[in-house]
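Chain residues, written in single-letter form:
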Amino acid sequence: MNPASAPETSSFTPETPVGAIVAARPALARVFEKLGIDYCCGGKRPLAELARARGLDPATVLAMLDATVPAGVAEVDAAAMTLAELADHIERTHHEYVKAELPRLVEMADRVARKHAWRDARLKEVAETVTILANEMFSHMAKEERILFPFVRQIEAGAPDGFHCGSIANPIRQMEDEHEFAGRAVARLRALTDGFRPDAEACNTHRALLGGLEEFEADLHRHMHKENNVLFPRALERAARN
Ligand SMILES: [Fe+2]
Ligand SMILES: [Fe+2]
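What counts and what doesn't
The numbering scheme is per chain: residues are counted from 1 as the chain's sequence reads. As they are written, the chains are lettered A onward and the ligands numbered 1 onward, keeping that order. Under the rules for a predicted model, residues below a pLDDT of 70 receive no local features and side-chain atom pairs below 80 are neither given nor counted, while totals for whole chains, interfaces and linings still include all residues. Excluded from the side-chain calculation are hydrogens and water; included are all heavy atoms of the structure. Atoms of type N, O and S within 2.8 Å of a metal are treated as its donors, and for Na, K and Ca the window is 3.2 Å; water is not considered, so some sites may appear to be missing partners. Just to be clear on the cut-offs, tetrahedral is four donors with all angles between 85 and 135 degrees, square planar is four donors and octahedral six with opposite donors over 155 degrees apart and all others between 65 and 115, and anything else goes down as irregular. Only DSSP runs of H or I with at least four residues qualify as helices, and only runs of E with at least two residues qualify as strands; both kinds are numbered from the N terminus onward. Nonpolar cores were defined as sets of buried Ala, Val, Leu, Ile, Met, Phe, Trp, Tyr and Cys residues, with membership established by side-chain atoms within 4.5 Å. Relative accessible area decides the class of each residue, using a 1.4 Å probe on protein chains only: under 20% of the type maximum gives buried, over 50% gives exposed, and in between gives partly exposed. Geometry is summarised by axes, namely lines fitted to C-alpha atoms with helices restricted to the contacting stretch, and by angles between N-to-C directions that run from 0 to 180 degrees. Should an angle fall under 35 degrees it is taken as roughly parallel, and over 145 as roughly antiparallel, whereas 65 to 115 is taken as roughly perpendicular and any remaining angle as oblique. Helix crossings get a hand from a simple test, with the near helix turned counterclockwise from the far one by less than a right angle marking a left-handed crossing and a clockwise turn marking a right-handed one. Any two residues whose heavy atoms approach within 4.5 Å at even a single point are treated as in contact. Charged residues are taken to be Asp, Glu, Lys and Arg, nonpolar residues to be Ala, Val, Leu, Ile, Met, Phe, Trp, Tyr, Cys and Pro, and polar residues to be all remaining types, Gly included. Within this scheme a cavity is a closed region of a 1 Å grid, computed over the protein atoms alone, that accommodates a 1.4 Å probe without allowing it to escape, whereas a pocket is open but has protein on both sides within 12 Å along at least five of seven lines; lining residues each have an atom within 4 Å of a point. Grid points are joined across faces, edges and corners, and a volume is the space filled by probe spheres set on the points. As annotated, the domain borders come from an automatic or database domain assignment.

Draft legend 1. The coordination of the iron ion (ligand 2), seen in detail. Around the iron ion (ligand 2), the protein supplies His140 (NE2), Glu144 (OE), His179 (NE2) and Glu227 (OE) as donor atoms, at distances of 2.0 to 2.2 Å. Classification of the site at the iron ion (ligand 2) as irregular follows from its 4 donor atoms and the range of 87 to 176° in their angles at the metal. The sequence pattern formed by the donor residues of the iron ion (ligand 2) is H-x3-E-x34-H-x47-E. In this structure, the iron ion (ligand 2) lies 3.1 Å from the iron ion (ligand 1), and both are coordinated by Glu144. A residue pair is termed long-range when its members are at least 10 positions apart, and His140 in helix α6 (residues 122-156) and His179 in helix α7 (residues 169-192) qualify at 39 residues.

Draft legend 2. Region of interest: the coordination of the iron ion (ligand 1). Within the protein, the iron ion (ligand 1) binds to His95 (NE2), Glu144 (OE), His223 (NE2) and Glu227 (OE); these donor distances fall in the range 1.9 to 2.2 Å. Its 4 donor atoms give the iron ion (ligand 1) angles of 88 to 166° at the centre, a pattern that matches the irregular case.

Draft legend 3. Summary view of the nonpolar core. Counting residues in each nonpolar core, the largest one holds 31 residues, and the members touching the most others are Leu105, Val130, Leu133, Met137, Leu209, Leu213 and Phe216. Counting residues in each nonpolar core, the second largest holds 20 residues, with Leu83, Phe151, Val152 and Phe232 among its members.

Draft legend 4. Region of the structure containing the packing of α7 against helix α8 (residues 204-241). Closest axis-to-axis distance for the α7/α8 pair is 11 Å, and the angle between their directions is 160°. By the criterion of interaxial angle, the relationship of α7 to α8 is roughly antiparallel. Where α7 crosses over α8, the two elements pack in a sense that is left-handed. Only Leu213, Glu214, Phe216, Glu217, Leu220, His221, Met224, Glu227, Asn228, Phe232, Ala235 and Leu236 of α8 make contact with α7, whose side of the interface consists of Ala169, Ile172, Met175, Glu176, His179, Ala182, Gly183, Val186, Leu189 and Arg190. The residue inventory of the contact of α7 with α8, partitioned by class, reads 13 nonpolar, 4 polar and 5 charged.

Draft legend 5. The layout of surface pockets, seen in detail. Its volume calculated, the largest pocket comes out at about 440 Å³. If you list the elements that add at least two residues to the lining of the largest pocket, you get α2 (29-35), α7 and α8. Counting residues per element, the lining of the largest pocket draws most heavily on α7, at 7 residues. Residue classes in the lining of the largest pocket are distributed as 10 nonpolar, 3 polar and 9 charged. Looking at which domains feed residues into the lining of the largest pocket, each of domain 1 (9-66) and domain 2 (81-241) gives three or more.

Nothing here speaks to function; it is geometry throughout.
Here you go:
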């Protein structure tokens, strides 16, 4: 049932870090998303710990991973790309999506808050959080595109670490901190909207906003996973060899 290239799921144990699981089998990201397990910022933590934090039995989660066949629309195999290819892929897909989607979500969240906050006061905080998230994400992606990713491409081409303003470990640490911030912001949005579920009275814009936010969360998790658990560790490892 598995493609020959993918490691067997059953090689995962409760101690396997969730980021390593998704790096080996990208399609399993969907299982973690469904269970609310954070595999991008929490990627270095073992499966058992994150499962228990969600009140789930680690053995059950392992069984769910085992039962998951690769989906029709496969996520790219980030681990098989060169660092330059992966950086290009992240810019072309995730960064472009965020740039197109966030202004739309900001505008919708503002509109929904103005019209409906009288009946659900949390909508004000939703709008504020989306605006903060948008500002942070635009500045964050600009740093990746202008500083970190060019640095990664040069490291892969053989440049010594620290050829430009210190080690690559410094911008990587900063990007990871910013991912934590973005991860907390989307988790807050999920909590404020009862898991992105509209109530019976929600208008169409409100429903479209929640659908858009849920999709944004899933894309953000895939995006940060590729950076935190694949691109960054491989760039650090490459830099150490130059
Ligand atoms: Fe990024
Ligand atoms: Fe990032």
